[in-house]
Structures are given as C-alpha cells and as structure tokens.
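Observations on chain architecture
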Amino acid sequence: MTSAKAYWHEDAACRNADPDELFADSARQNRAKAVCTGCPVRTECLAEALDNRVEFGVWGGTTERERRALLRRRPDVTSWQQVLDSARREHEQPRAG
C-alpha cells in the first residue's frame, strides 16, 4: 500500500506552473516562492527536497541557498518529513493561557 503523502505533488499549487518559473535564477526566485504561499503541501514538498538533497529550484517555498543552510544547521536530521510534521503539530496546538 502506498502512502497518500507519496502523491502530495497532485495537490501542489505549482502543479500546472511552467517549470522554468520554478527553476528560476536568483532575480526571479521570489516570484517562484510566491507560488508556494498557502500551498497545502508546502511541508511535504520541502521535506522531499531536503530528504533527497535536491540542489536546484524552489521547493516548499525555499531556494537552493536556503535549503543548504538548513542542511548545514541540522546535519543530524535523517527525516525532514518527521521534523516538519512535528513542528507543524506544535505550531497548530492551541496556546494555553
């Protein structure tokens, strides 16, 4: 049985975008990152890029440089999906108080 997360790309905000826009040079990367704003599978996309060390393009709202910085800061992470899911759950918990 295949996980539903395996098909996250079907719900991606960029699924019909021109790939050249998502693999833009630095001057156009902000436009590419804007496509990711509000994307329902942004976390899955970012985890895919980090877990697979994708070097090019905008993934999960991050550039190559931003992903390299994350990987350098957290070389111990073996599953970015787990880290990002945990962070999402923590962020979504109601605040006490």
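First, a word on scope: everything that follows refers to the structure included in this document. (Residues numbered from 1 in each chain as written. Predicted model: local features only at pLDDT ≥ 70, side-chain atom pairs only at ≥ 80, totals over all residues. Heavy atoms only, no water.)

1. Topic: the overall build of the chain
Helix and strand counts for the chain stand at five helices and zero strands. Dimensions of the chain, computed from C-alpha atoms along their principal axes, come out at roughly 45 × 35 × 30 Å. Counting only residues that meet the buried cut, the chain has 34% of its 97 residues in that class. Within the chain, counting contacts between residues at least 6 apart in sequence, those at least 24 apart form 52% of the total. Total accessible area computed for the chain in this model is approximately 7,000 Å², and 49% of it derives from carbon and sulfur atoms. Distance between charge centres in the chain, computed from 16 positive and 16 negative side chains, equals 6 Å. (Helix = DSSP H or I, 4+ residues; strand = E, 2+ residues; numbered from the N terminus. Buried < 20%, exposed > 50% of the residue type's maximum accessible area, 1.4 Å probe, protein only. Contact = heavy atoms within 4.5 Å. Areas by Shrake-Rupley, 256 points an atom, 1.4 Å probe, with all protein chains shown as cover. Lys, Arg positive; Asp, Glu negative; His and termini not counted. Charge placed at Lys NZ, Arg CZ, Asp CG, Glu CD.)

2. Focus: the packing of helix H3 (residues 42-51) against helix H4 (residues 64-73)
Two quantities define a packed helix pair, namely the angle between the axes and the distance from one axis to the other. In the contact formed by H3 and H4, the axes pass within 10 Å of each other and the chain directions differ by 65 degrees. Between H3 and H4, the crossing angle belongs to the class labelled roughly perpendicular. Crossing handedness for the pair H3 and H4: right-handed. Across the interface between the two elements, Leu46, Ala49 and Leu50 from H3 touch Arg67, Leu70 and Leu71 from H4. By residue class, the composition of the contact of H3 with H4 is five nonpolar, no polar and one charged. (Axes fitted to C-alpha atoms, helices over the stretch in contact; angles between N-to-C directions. Parallel < 35°, antiparallel > 145°, perpendicular 65-115°, else oblique. Left-handed = near helix turned anticlockwise from the far one by under 90°. Nonpolar A, V, L, I, M, F, W, Y, C, P; charged D, E, K, R; others polar.)

3. Remarks on the layout of surface pockets
Volume-wise, the largest pocket comes out at about 230 Å³. Trp8, Ala12, Cys14, Leu22 and Cys45 are, among the 16 residues lining the largest pocket, the residues nearest its centre. Those elements that provide at least two residues to the lining of the largest pocket are helix H2 (29-36) and H3. (1 Å grid on protein atoms, 1.4 Å probe; cavity = no way out; pocket = protein on both sides within 12 Å on 5 of 7 lines; lining within 4 Å. Points joined across faces, edges and corners; volume = space filled by probe spheres on them.)

4. With respect to the pattern of salt bridges
With the rule as written, the count across this model stands at three salt bridges. The salt bridge partner of Glu66 is Lys33, with a shortest N-O separation of 2.8 Å. Linking Glu66 in helix H4 with Lys33 in helix H2, this pair joins segments that are 33 residues apart in sequence. Residue Arg88 is joined to Glu44 by a salt bridge in which the shortest nitrogen-to-oxygen separation is 3.7 Å. A residue pair is termed long-range when its members are at least 10 positions apart, and Arg88 in helix H5 (residues 80-92) and Glu44 in helix H3 qualify at 44 residues. (Salt bridge = Lys/Arg side-chain N within 4 Å of Asp/Glu carboxyl O.)

5. Examining the state of the cysteines
The tally for this structure, following the rule as stated, stands at zero disulfides. A disulfide-free cysteine, Cys39 has its sulfur positioned 6.3 Å from the sulfur of Cys14, the nearest such atom. For Cys39, a relative accessible area of 15% gives the class buried. (Disulfide = S-S within 2.5 Å.)

6. Details of the environment of His91
Its location among the elements puts His91 in helix H5. Sequence separation between His91 and Asp25 is 66 residues; the distance between their C-alpha atoms is 32 Å.

It is worth stressing that arrangement in space is one thing and function is another; only the former is reported here.
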